[in-house]
Amino acid sequence: MRKIIILAVALLAGLTAYAAEKSVRLSVATGGTAGVYYPLGGGMAAVLSKYVPEIEATAEVTGGSVDNLKLVGTGKADFGFSMADSSFDALTGTGKFKDKIPVRALMVLYPQPLVIATIEGTGINLVADLKGKRVSTGAPGSGTEVMSLRLLEAYGMDPNKDVTRERLSLAESVNALKDKKIDALMWSGGVPTAGLTDLASTPGVKMKLLDLSIATDAMNKKYGNIYLKGVIPANTYPGVDKDSVNVVVWNILVANEKMSDKIAYDVVKTLFEKKPELVAVHKDAMQISLDTQKGNSPIPFHPGALKYFAEKNIKVK
């Protein structure tokens, strides 16, 4: 009996110590399972839980950037992924946001393109060919939807009149395109994106990515210098044997300004120092760099992040 009591006390003490260690629960708002946010967010959660004694982090499936910013604003998520344009809208209370959200940048992540994907047989070769077609512009609450509507406007199209617009997630869009229920999909995400790889690898399907070379200047003229011109190299996706020019926006890891300086510092420090483990999850993490923190976030950085950058002699606003 004495041994049993001692064992029980030891076990209880161990559980109590673990509970004390994991005193901070963090929720990471990511995106859909077919994109990059979700697996990379899962990698971040695992790294933080592994290396920061008091943190237990979990990744949550969401609609994407807009949803993530709203979740961070209401405290339902502690931090999350967002595209730079949606982050600025949240800070200023414009676009999809009725009220201003006190959002702050933890770190600039990686640039990602907006692409328009279609398949042979739809008759779509140029953006202008989308008129009168069935097009998925991204899920409600996603940064893809925000960017897609702006791109269509840049090409002189009314998104609500010139195309039959479907608001589908990437996984839903890919399946709909395979089944010929839509003619094209628009998607902003890391490269490669699993959903597009799946589409391009489907037997009997030849995926095409449209040229978006004129969009960047028109979008920046209306919305500020947020967008860049980028290229997805040939053979990134199976059967796509030509480079494709697209519009690029930076991804940002965002948090509420109320996040404690210590937690923000620990998150940023750990993710930078354990970058190889993130790269093992998705190669877009290779692009996370201290050098890209300056000038690529349209929203202010959190003081905890600034503390880490100062230690590394990186000056950002």
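> Sorry if this is basic, but what is going on with the overall build of the protein chain here?
Helix and strand content of the protein chain: 11 helices and 10 strands. For the protein chain, the C-alpha radius of gyration of 21 Å lies close to 20 Å, the compact-globule estimate for 317 residues. Within the span of the protein chain, comprising 317 residues, buried residues form 52% of the whole. Put simply, of all contacts in the protein chain between residues at least 6 apart along the chain, 74% involve residues at least 24 apart. The averaged location of the 32 negative side-chain charges in the protein chain is 2 Å from the averaged location of its 38 positive side-chain charges.

> Please explain the pairing of strand β4 (residues 103–119) as it appears in this structure.
Counting buried positions along β4 yields 17 of 17 residues, so the element is predominantly enclosed. Inspection of the sheet shows β4 paired to strand β10 (residues 244–256) by nine bridges, in the antiparallel sense. Looking at β10, one finds that Val 103 is bridged to Asn 256. Pairing between β4 and strand β7 (residues 184–188): five bridges, direction antiparallel. Opposite Thr 118, over in β7, you have Ala 184 as the bridge partner. Sheet analysis places β4 next to strand β8 (residues 207–209), joined by three bridges and oriented antiparallel.

> Mind showing me how you'd approach the environment of Gly 121 here?
Tracing the backbone shows Gly 121 in the loop between β4 and β5 (134–136). We classify Gly 121 as exposed; its relative accessible area is 80%. As a C-alpha pair, Gly 121 and Lys 206 span 85 residues in sequence and 9.1 Å in three-dimensional space.

> Explain helix α2 (residues 37–51) to me, please; I cannot follow it from the model alone.
Helical geometry: 3.6 residues make up each α-helical turn, so side chains three or four residues apart lie on a common side. Between its terminal C-alpha atoms α2 stretches 21 Å, which fits the 21 Å expected from 15 residues at 1.5 Å a residue. Of all the positions in α2, only Tyr 37, Leu 40, Gly 41, Gly 43, Met 44, Ala 45, Val 47, Leu 48 and Ser 49 are classed as buried.

> Before we go on, may I ask you to explain the nonpolar core in this structure?
The tendency in soluble globular proteins is for nonpolar side chains to be buried side by side. Judged by nonpolar contacts, the single largest core of 74 residues is most densely connected at Phe 79, Leu 106 and Leu 130. Considering each element in turn, this core owes the most residues, nine residues, to β4. For Leu 130, the contacting residues outside a window of four places in its chain are Ile 116, Ile 124, Val 135, Leu 152, Met 157, Asp 162, Val 163 and Ala 184. Listed in part, the 22 residues of the second largest apolar core include Leu 177, Trp 187, Leu 196 and Val 240.

What counts and how
- Residues numbered from 1 in each chain as written.
- Predicted model: local features only at pLDDT ≥ 70, side-chain atom pairs only at ≥ 80, totals over all residues.
- Heavy atoms only, no water.
- Helix = DSSP H or I, 4+ residues; strand = E, 2+ residues; numbered from the N terminus.
- Rg over C-alpha atoms; globule rule 2.2 N^0.38 Å.
- Buried < 20%, exposed > 50% of the residue type's maximum accessible area, 1.4 Å probe, protein only.
- Contact = heavy atoms within 4.5 Å.
- Lys, Arg positive; Asp, Glu negative; His and termini not counted.
- Charge placed at Lys NZ, Arg CZ, Asp CG, Glu CD.
- Pairing = 2+ DSSP bridges.
- Expected span 1.5 Å × (residues − 1).
- Core = buried A, V, L, I, M, F, W, Y, C linked by side-chain atoms within 4.5 Å.

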